[in-house]
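# Summary of structural features
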Amino acid sequence: MDIGLIPVDSNYPNLALMKISAWHKNNGDRVEWYNPFDHYDKVYMAKVFSFTEDYSQYITNAECVEKGGTGYDIKKVLPKEIDMIQPDYDLYPQVDKKTAYGFLTRGCPNKCKWCIVPKKEGKIKPYMDVEEIAINGRNNLILMDNNILSSDYGIEQIEKIVRLGLKVDFNQGLDARLVTDDIARLLARVKWINRIRFGCDTQQQIVEVERAAKLIDKYGYKGEYFLYCILINFEESFNRVNYWKTKSRRFIPHCQPYRDINKRHQIIPQWQKDMARWADKKELYLTCDFKDFSPRKGFKCEEYFQ
Ligand code: SF4
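Keep in mind that this is a model prediction, so the values were computed, not measured. (Residues numbered from 1 in each chain as written. Predicted model: local features only at pLDDT ≥ 70, side-chain atom pairs only at ≥ 80, totals over all residues.)

## A look at the sheet that holds strand β3 (residues 42–46)
Reading across the sheet, the 4 strands line up as β2-β1-β3-β4 and stay open at both edges, with parallel pairing between neighbours. The open sheet has two free edges, formed respectively by β2 (30–33) and β4 (65–68), since each of these has just one partner strand. Ignoring which end each strand starts from, the neighbouring axes of this sheet average 20° apart. In this sheet, β4 lies alongside β3 in parallel orientation, the contact comprising 4 bridges. Its bridge partner being in β4, A46 is matched across the sheet by G68. (Pairing = 2+ DSSP bridges. Helix = DSSP H or I, 4+ residues; strand = E, 2+ residues; numbered from the N terminus. Axes fitted to C-alpha atoms, helices over the stretch in contact; angles between N-to-C directions.)

Right, here's the structure in full:
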C-alpha cells in the first residue's frame, strides 16, 4: 500500500503519525509525507487544534482518508497495536538521534475549564514504561504527560528516570501544588533538558510555584523554571505574568492565550497576542515594561490600562 501523511496544523513531531508510519512500514507499505501529485491507497491527516482549518475536502488523490487528533475528534485513539509500537523517528530528520518522544501517563484528575485533557483522556492512568520510550540510545526524553505528579505510577517512573540517568523535559508542565519535600528531592536529582516547567494559571499558583521552587532549590537545583501562564482576564493575567519580572531571571513566564475548548471559531483578543509577544521574548520582558511595549506603529500597550 502507498500511504501519505499530513500534519494539518503543526510542524511539531507528531507521535501518532510516527507510530502510524512505523506500523505501515513494518507491514511492508510505502510511507511518505503527502504529495498532491502522487496517488495513495490511504492518507492520514493529523490535526492538533480545533480552531485551525481542515482541508480534507481537497484530498482527491487517495482511496481513503483517515482523520485523527484532538483537532478532529477528541475521543478517537490509535488502535492498540499501533499505539504501542515504537515511533518512526526517520519521519522527522530534525529530531536528533538521542531524542525520544512519549507519554508515561495519560489523563489528569483535575478539571481546569480551559483544558481539554480531562475531557479527552479522563482520569490519570499509567500508559507506558520509560524503558519503552528510551530506545536505541535515545536518552533525552520529551515527555508530554499532563500531570505526572498526580500519579503514583508517574512518580515511580520519575524515580526510574533518575536511576537510569536519562535526561527529560516534561514539556506540558508539572503541578507545583503536588511538590512535597520528597518530590522536591526527587526532582532535584532529575537531569533536566534545559528547565523545569510548571503551570502558573492563577494567582494562587504563584504562591505554589514559589514554594515548590524553594523546596527544589534546597536540594541543589540551580536551573530555570518555565511557567505556562494562561491569559483570561487582562488585569489578573498582567499581574500574574508581570510578577516574575522582579523575582529572578530563573523564572520565565510563557503566555498562552485562552481558547474556549467548546468553540471552533474564536478571535483571540489583541491584548492577549500583545502580552504573549512581550512576555515570551525574555530580553524584552526583562528590559521593557508592558505599558511601554509598542507592538505596532503608533500603539503602546499603556492604552490597555486606561
Ligand atoms: S491544565 Fe493541567 S492540571 Fe488542569 S486539567 Fe489540564 S492537565 Fe490537568
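## Side note on the environment of K97
Tracing the backbone shows K97 in the loop between α2 (80–83) and β5 (99–102). With 10 C-beta atoms counted inside 10 Å, the residue K97 sits in the exposed group. Taking the C-alpha atoms as reference points, K97 and D2, separated by 95 residues in sequence, lie 26 Å from one another. (Buried ≥ 20, exposed ≤ 12 C-beta atoms within 10 Å, placed from the backbone.)

## What about the pairing of strand β9 (residues 167–170)?
Within a regular strand, side chains alternate between the sheet's two faces. Residue alternation in β9 divides its side chains into a buried set, V168 and F170, and an unburied set, K167 and D169. With 4 bridges joining them, strand β8 (residues 140–143) and β9 adopt parallel strand pairing. Bridged to I142 within β9 is D169. Judged from the 2 bridges that link them, β9 and strand β10 (residues 191–192) form a sheet pairing that is parallel.

## With respect to the sheet that holds strand β11 (residues 195–199)
Across the sheet, 3 strands lie side by side as β11-β12-β13; this open sheet has parallel pairing. Every other strand in the sheet has two partners, leaving β11 and β13 (251–257) as the edge strands with one partner each. Pairwise comparison of adjacent strand axes, ignoring direction, gives a mean angle of 25° for this sheet. Both β11 and strand β12 (residues 224–231) contribute to a ladder of 5 bridges, which runs parallel. The partner of I196 across the bridge, within β12, is Y225.

## Digging into the site of the ligand
In the vicinity of the ligand, the contacting residues are C108, N110, K111, C112, C115, V117, P118, N146, N147, D175 and G199. When grouped by side-chain class, the residues that make up the shell around the ligand number 5 nonpolar, 4 polar and 2 charged. (Near = placed C-beta within 6 Å. Nonpolar A, V, L, I, M, F, W, Y, C, P; charged D, E, K, R; others polar.)

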